[in-house]
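# Close look at the chain arrangement
Listed here are the chains, written in short residue letters.
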Amino acid sequence: VSLMADTIRTRAQILALLPDGSSQAISPQDLRDAIVSSAVYGGICVRDGAPVTQGLSTTPAKLTVFDIDEPSYGVVPDSTTDNDLTVPTGGDGDYDVQMSGSVSINATTTTEIRVRVNGSEPASLKVGLKMDNTSGTKEVFNAAGTIPIAAGDIVTAYVEVAAGSPTLSVYDLALRIRRLR
């Protein structure tokens, strides 16, 4: 007996696979697909070490300090090349997006670290951190929100400052997404 590969499906596809049961046409593979579709998640991070640094400017730039792919299912983490998370085919849905960490910069200015989807901030909700910090002060933060994300979308973190060209020091940082429905 050979099994088909499990397939991540959208909520609408799962509901169509699992009708009211009157036809008794629900296959074991339909149930497997329903189960694997309920747990789509992934993350990238940098943690527990000497601070990793990145130069900043007033133009938003992708954070490129990530170096660990966290455990994931469906979502494709890429901490080494693109520093992002890619949502899988069938992965459309509302996602819990979390970003947390501890950072500092070597200047006194306003710093913003924000989650972006396909290079743009989601109109429905801004997830991130805006801090007015003093040079060298370590800031610890946790930001979370729920946003709609489609299959193939790319989730990243961007950073910018209000003035100057300081350096960001990242002590710990994690970007995680988990499909809710």
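## Looking at the overall build of the protein
For the protein, the count of helices and strands is two helices and twelve strands. Overall, the protein is about 65 × 30 × 20 Å in size when its C-alpha atoms are taken along their principal axes. Going through the 181 residues of the protein one by one, you find that 42% of them count as buried. Across the protein, contacts joining residues at least 24 apart in sequence account for 75% of those joining residues at least 6 apart. In the structure as shown, the protein presents an accessible area of about 9000 Å², 51% of it carried by carbon and sulfur atoms.

## Remarks on the nonpolar core
Ranked by size, the top nonpolar core spans 35 residues in total, and within it Leu63, Val97, Leu173 and Leu175 carry the most contacts. Every element with two or more residues in this core is listed here: β1 (41-46), β7 (93-105), β8 (109-117), β9 (128-133), β10 (139-149), β11 (154-161) and β12 (167-179). The contact partners of leucine 173, leaving out residues within four places of it in the chain, are Ile44, Cys45, Val46, Leu63, Val65, Phe66, Met99, Ser100, Gly101 and Phe141.

## Considering the packing of aromatic side chains
In total, this model carries zero aromatic pairs according to the counting rule given. If you follow arginine 116 out to its NZ or CZ, it ends over the ring of tyrosine 158, 4.6 Å from the centre. The ring centre of tyrosine 171 lies 4.1 Å from the NZ or CZ of lysine 138, which sits over that ring.

## A word on the pairing of β11
For β11, a buried count of six out of eight residues is recorded, marking the element as mostly surrounded by other parts of the structure. As judged from the two bridges shared by strand β3 (residues 61-62) and β11, these two strands associate in the antiparallel manner. For alanine 61, the partnering residue across the bridge sits in β11 and is valine 159. When strand β6 (residues 84-86) meets β11, the two strands line up antiparallel, connected through two bridges. What sits directly across from threonine 86, in β11, is isoleucine 154. Where β8 and β11 come together, seven bridges link them in antiparallel fashion.

## Some details on the pattern of salt bridges
Considering all chains together, one arrives at four salt bridges under this definition. Across the salt bridge formed by glutamate 70 and arginine 176, the nearest N and O atoms sit 2.7 Å from each other. Placement of the pair is glutamate 70 in the loop between β4 (68-69) and β5 (76-78) and arginine 176 in strand β12, with a sequence separation of 106 residues. Its relative accessible area of 10% is what places glutamate 70 among the buried residues. The partly exposed category is assigned to arginine 176, whose relative accessible area is 32%. As a salt-bridge pair, glutamate 121 and arginine 114 come within 3.7 Å of each other at their nearest N and O atoms. Exposure remark for glutamate 121: the relative accessible area of 25% places this residue in the partly exposed category. A residue is classified by how much of its surface remains accessible, and arginine 114, at 15% relative accessible area, is buried. One salt-bridge network, in which partners are shared between bridges, spans Glu112, Arg114 and Glu121.

## Details of the side chain of aspartate 84
Within the fold, aspartate 84 resides in strand β6. Of the side chains with opposite charge, lysine 62 lies nearest to the buried aspartate 84, which makes no salt bridge, at 4.1 Å. Once you skip the residues sitting within four places of it in the chain, aspartate 84 turns out to touch Ile44, Lys62, Val76, Pro77, Asp78, Ile154, Val155 and Thr156.

## Section: empty space enclosed by the protein
Inspection of the entire model under this criterion finds one cavity of 30 Å³ or more. Taken as a whole, the largest cavity spans an internal volume of roughly 40 Å³. Contributing to the lining of the largest cavity are Glu112, Arg114, Arg116, Glu121, Tyr158, Val159 and Glu160. Taken together, the elements giving at least two residues each to the lining of the largest cavity come down to β8 and β11. Taken together, the residues of the lining of the largest cavity break down into two nonpolar, no polar and five charged.

Definitions and cut-offs
Residues numbered from 1 in each chain as written. Predicted model: local features only at pLDDT ≥ 70, side-chain atom pairs only at ≥ 80, totals over all residues. Heavy atoms only, no water. Helix = DSSP H or I, 4+ residues; strand = E, 2+ residues; numbered from the N terminus. Buried < 20%, exposed > 50% of the residue type's maximum accessible area, 1.4 Å probe, protein only. Contact = heavy atoms within 4.5 Å. Areas by Shrake-Rupley, 256 points an atom, 1.4 Å probe, with all protein chains shown as cover. Core = buried A, V, L, I, M, F, W, Y, C linked by side-chain atoms within 4.5 Å. Phe/Tyr/Trp six-rings, centres within 6.5 Å; stacked < 30°, edge-to-face > 60°. Lys NZ or Arg CZ within 6 Å of the ring centre and 35° of its normal. Pairing = 2+ DSSP bridges. Salt bridge = Lys/Arg side-chain N within 4 Å of Asp/Glu carboxyl O. Lys, Arg positive; Asp, Glu negative; His and termini not counted. 1 Å grid on protein atoms, 1.4 Å probe; cavity = no way out; pocket = protein on both sides within 12 Å on 5 of 7 lines; lining within 4 Å. Points joined across faces, edges and corners; volume = space filled by probe spheres on them. Nonpolar A, V, L, I, M, F, W, Y, C, P; charged D, E, K, R; others polar.

In short, the description is geometric, and any link to function would need to be established separately.
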